[in-house]
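# Chain and residue survey
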Amino acid sequence: MTFDPPFTAADAEPDGHALLDALHLETVDRDLYRATFVVPDDRSLYGGQVAAQALRAAGLTVEPDRLPHSLHGYFLRAGDSDHPTLFRVHRDRDGRSFSSRRVEAVQHGKVIFSMAASFHVREDGPEVQVRAAPEVAAPEASPAVGLPRLLSFEGRAVDQPHPDTPWPTQFWARTTAPLDDDPLLHAAVLTYLSDISSGIAPLSRDGALPGASLDHALWFHRPARADAWVLTDLEPHVAGRGRGWYTGTLYDRAGRAVASTTQECLFRPAR
């Protein structure tokens, strides 16, 4: 299966190091970090990139045994792809099991993205999953599909539950970047992935199309490697009054839900 633009195999990024450059943060001061990776681009800064960078910044201020379990972010202004971003971290609380952080991403003196994130010490206990992963072809048996704006990623197309939309709601993806075993890095890369495509695309009609992300939330259920195949499954729910809302789940090869997401985006007639 192939998809019309913007999802084309020609957009695949062959460089295995660009993503790590994008997620690298320079320490400016205590709880203050800067992302210096910039690219000439006539489009605004990719939301998944600033969210992933913000999560890394927050994670650098907590103990290494505390891993992110949730984040909630608001996209406040369009970011500039050709300008560095500052990240201010606020240490709201460090408890016995949880740490809470707030992060502001700043460009040109203005906040472009704000995020609250929570980190949790690992606890052992029963694991229950109610909904099974969709039955789709394995990535090795699926054709390549480009994932635009994602550096150092490869994708595989599967048969779509909504075949009449050019934006896939189910697809395999993994990074080609050489990742170490740092679970915070893998969580940041999954965050980077989670903002791509649009689960609201199947509701497009009467000229209305998905637009910029407004807010984005992600829950991490268990650690997962972002350099292994992950299946994204997005589900549309409602659109109206200029906005659309959808949910999604990320599954590993074993069919385990590793993360869940929800997002609201603009949903307006094309100008």
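Please read these numbers as outputs of a predicted model, since none were measured by experiment. (Residues numbered from 1 in each chain as written. Predicted model: local features only at pLDDT ≥ 70, side-chain atom pairs only at ≥ 80, totals over all residues. Heavy atoms only, no water.)

Here the focus is the overall build of the chain. Helices and strands together make up the secondary structure of the chain, namely three helices and 13 strands. Over its C-alpha trace the chain gives a radius of gyration of 18 Å, about what one expects of a compact globule, namely 18 Å for 271 residues. Each of the three principal axes of the chain carries a C-alpha extent, and together these read 50 × 45 × 40 Å. Burial statistics for the chain: of 271 residues in total, 50% are counted as buried. In the chain, once contacts between residues fewer than 6 apart in sequence are set aside, the share between residues at least 24 apart is 71%. Carbon and sulfur atoms make up 50% of the accessible area of the chain, which amounts to about 13300 Å² in all. The averaged location of the 36 negative side-chain charges in the chain is 6 Å from the averaged location of its 27 positive side-chain charges. (Helix = DSSP H or I, 4+ residues; strand = E, 2+ residues; numbered from the N terminus. Rg over C-alpha atoms; globule rule 2.2 N^0.38 Å. Buried < 20%, exposed > 50% of the residue type's maximum accessible area, 1.4 Å probe, protein only. Contact = heavy atoms within 4.5 Å. Areas by Shrake-Rupley, 256 points an atom, 1.4 Å probe, with all protein chains shown as cover. Lys, Arg positive; Asp, Glu negative; His and termini not counted. Charge placed at Lys NZ, Arg CZ, Asp CG, Glu CD.)

Attention shifts here to the packing of helix H2 (residues 47-59) against helix H3 (residues 183-194). The N-to-C vectors of H2 and H3 enclose an angle of 160°; their axes lie 7 Å apart at closest approach. Between H2 and H3, the angle is such that the two are roughly antiparallel. Viewed along their axes, H2 and H3 form a crossing whose handedness is right-handed. Mapping the contact onto sequence places Gly 48, Gln 49, Ala 51, Ala 52, Leu 55, Arg 56 and Gly 59 in H2 and Leu 184, Leu 185, Ala 187, Ala 188, Thr 191 and Tyr 192 in H3. (Axes fitted to C-alpha atoms, helices over the stretch in contact; angles between N-to-C directions. Parallel < 35°, antiparallel > 145°, perpendicular 65-115°, else oblique. Left-handed = near helix turned anticlockwise from the far one by under 90°.)

This next bit is on the pairing of strand S4 (residues 85-94). Looking at chain direction, strand S2 (residues 32-35) and S4 are connected through four bridges and run antiparallel. Of the residues in S4, the one forming a bridge with Ala 35 is Thr 85. By the bridge criterion, eight bridges tie S4 to strand S5 (residues 98-107) in an arrangement that is antiparallel. Counted as the bridge partner of Arg 91 is Arg 101 from S5. Hairpin connection from S4 to S5: three residues lie between these consecutive antiparallel strands. (Pairing = 2+ DSSP bridges.)

Positionally, Leu 32 belongs in strand S2. Considering only alpha carbons, one finds Leu 32 and Thr 176, 144 residues apart in sequence, at a separation of 29 Å. Residues contacting Leu 32, with those up to four places away along its chain left out, are Glu 26, Thr 27, Leu 86, Phe 87 and Arg 88.

Time to look at the packing of aromatic side chains. The final tally for this structure, using the stated rule, is three aromatic pairs. Relative to Tyr 192, the ring of Tyr 46 lies with its centre 5.4 Å away and its plane at 90°, an arrangement referred to as edge-to-face. With Tyr 46 in the loop between S2 and H2 and Tyr 192 in helix H3, this pair connects stretches of sequence that are 146 residues apart. Since its relative accessible area comes to 7%, Tyr 46 is described here as buried. With a relative accessible area of 0%, Tyr 192 lands in the buried category. Here a set of aromatic residues connected by ring pairs shows up, and it is made of Tyr 46, Phe 153 and Tyr 192. Lying over the aromatic face of Trp 172, Arg 253 brings its terminal NZ or CZ to 5.8 Å of the ring centre. (Phe/Tyr/Trp six-rings, centres within 6.5 Å; stacked < 30°, edge-to-face > 60°. Lys NZ or Arg CZ within 6 Å of the ring centre and 35° of its normal.)

A few words now on unusual backbone geometry. At Ser 197, a position not held by glycine, the phi torsion is positive, near 65°. Mapped onto the secondary structure, Ser 197 falls in the loop between H3 and strand S10 (208-220). The class for Ser 197 is buried, based on a relative accessible area of 14%.

We now examine the pattern of salt bridges. Across all of its chains, the model carries 18 salt bridges by this definition. For Glu 26, the salt bridge is made with Arg 34, and the minimal N-O distance between the two is 2.4 Å. Each member of the salt-bridge network shares a partner with another, and the members are Arg 30, Asp 31 and Arg 91. (Salt bridge = Lys/Arg side-chain N within 4 Å of Asp/Glu carboxyl O.)

The next subject is the pairing of strand S9 (residues 170-175). In regular strands, side chains alternate between the two faces of the sheet. Among the six residues in S9, five count as buried, and that is most of the element. Across five bridges, the pairing between strand S8 (residues 153-157) and S9 is antiparallel. Each residue of the ladder has a partner; that of Phe 153, found in S9, is Thr 175.

What follows deals with the side chain of Arg 156. Locating Arg 156 in the fold gives a position in strand S8. By relative accessible area, which is 18% here, Arg 156 ends up buried. Of note is the side chain of Arg 156, whose polar atom sits 3.5 Å from the side chain of Glu 154. Discounting chain neighbours no more than four positions away, the residues touching Arg 156 are Pro 139, Ser 142, Pro 143, Ala 144, Val 145, Phe 171, Trp 172 and Trp 229. (Polar contact = N/O pair within 3.5 Å; in protein donor to acceptor, adjacent residues only side chain to side chain.)

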